[in-house]
Amino acid sequence: MAEEIIINKKLTKREKYEALMPQLLSLLEGENDIIANTANITAALKEVFDFFWIGFYFVRSTGGKEELVLGPFQGPVACVRIPKGKGVCGTAWDKKQSIIVEDVDKFPGHIACNSLSRSEIVIPVIKDNIVVAVLDVDSEKLADFDVVDEEYLNRITGLISSMV
Ligand code: SME
């Protein structure tokens, strides 16, 4: 198992993701514990891209009601529970689709866990056609995420969807 992520800082964003994918596969190989794997994924992505905040929220049933509950993350402390349809995360869950937000102040109902966050991307983790978690990434810069992030973060969530 690889225990160190090595990426040349001079690469483009796409090249960094390309270099990261096989290292992530190696890191997750032979392990199917969802907490361990999502913890390592957030740590690896934080290390390579220095995201302001990156973390998973898992769909959990509490007293018969489903909501997103905070899972492994890297960055400042964050909101713990998010209802379906609320904020960017709850909307990505409800609509079952990735959402790129260039300016969080312009997203109706955006949940500001941290006032420094300016842009965001949320990718649903889908298992058997059902959203079981979301991956949320926040940036202190406006419009910091694009289709390249969406493409690779989608692939990364695909690696763990069967384990949730
Ligand atoms: N901004 C998110 C809430 C989660 S935090 O950013 C960590 C949202 O609107 O769903």
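Quick notes on the rules
Residues numbered from 1 in each chain as written. Predicted model: local features only at pLDDT ≥ 70, side-chain atom pairs only at ≥ 80, totals over all residues. Heavy atoms only, no water. Disulfide = S-S within 2.5 Å. Helix = DSSP H or I, 4+ residues; strand = E, 2+ residues; numbered from the N terminus. Buried < 20%, exposed > 50% of the residue type's maximum accessible area, 1.4 Å probe, protein only. Axes fitted to C-alpha atoms, helices over the stretch in contact; angles between N-to-C directions. Parallel < 35°, antiparallel > 145°, perpendicular 65-115°, else oblique. Left-handed = near helix turned anticlockwise from the far one by under 90°. Contact = heavy atoms within 4.5 Å. Nonpolar A, V, L, I, M, F, W, Y, C, P; charged D, E, K, R; others polar. Phe/Tyr/Trp six-rings, centres within 6.5 Å; stacked < 30°, edge-to-face > 60°.

Here the focus is the state of the cysteines. One pass over the structure, following the stated rule, counts one disulfide. Disulfide partner of Cys79: Cys113, at an S-S distance of 1.9 Å. Around the S-S axis, the bridge from Cys79 to Cys113 shows a dihedral of about -120° and counts as left-handed. Remark: Cys113 occurs in the loop between strand 4 (99-101) and strand 5 (119-127) and Cys79 occurs in the loop between strand 2 (65-74) and strand 3 (81-83); sequence separation between them is 34 residues. The thiol of Cys89 is unpaired, and the distance to the nearest cysteine sulfur, on Cys113, comes to 7.6 Å.

The backbone of Lys96 shows a phi angle near 55°, a positive value even though the residue is not glycine. Here Lys96 is to be found in the loop between helix 3 (87-95) and strand 4. Lys96 gets classed as partly exposed once you look at its relative accessible area, which sits at 37%.

This brings us to the packing of helix 2 (residues 34-49) against helix 4 (residues 147-160). Their axes nearest at 10 Å, the elements helix 2 and helix 4 cross at an angle of 160°. Judged by the inter-axis angle, helix 2 sits roughly antiparallel to helix 4. Crossing handedness for the pair helix 2 and helix 4: right-handed. Here Ile34, Asn37, Thr38, Ile41 and Leu45 of helix 2 lie close against helix 4, whose contacting residues are Leu153, Ile156 and Ile160. Here the residues of the contact of helix 2 with helix 4 sort into six nonpolar, two polar and no charged.

Our focus in this paragraph is the packing of aromatic side chains. The geometry of two aromatic rings is summed up by the distance between their centres and the angle between their planes. Tallied over the full model, the rule gives seven aromatic pairs. Arranged with centres 6.4 Å apart and planes meeting at 10°, the rings of Phe56 and Phe58 form a pair that is stacked. The buried category is assigned to Phe58, whose relative accessible area is 4%. Three or more aromatic residues link up through ring pairs in this structure, and these residues are Tyr17, Phe49, Phe51, Phe145 and Tyr152.

So yeah, pure geometry; function would need other evidence.
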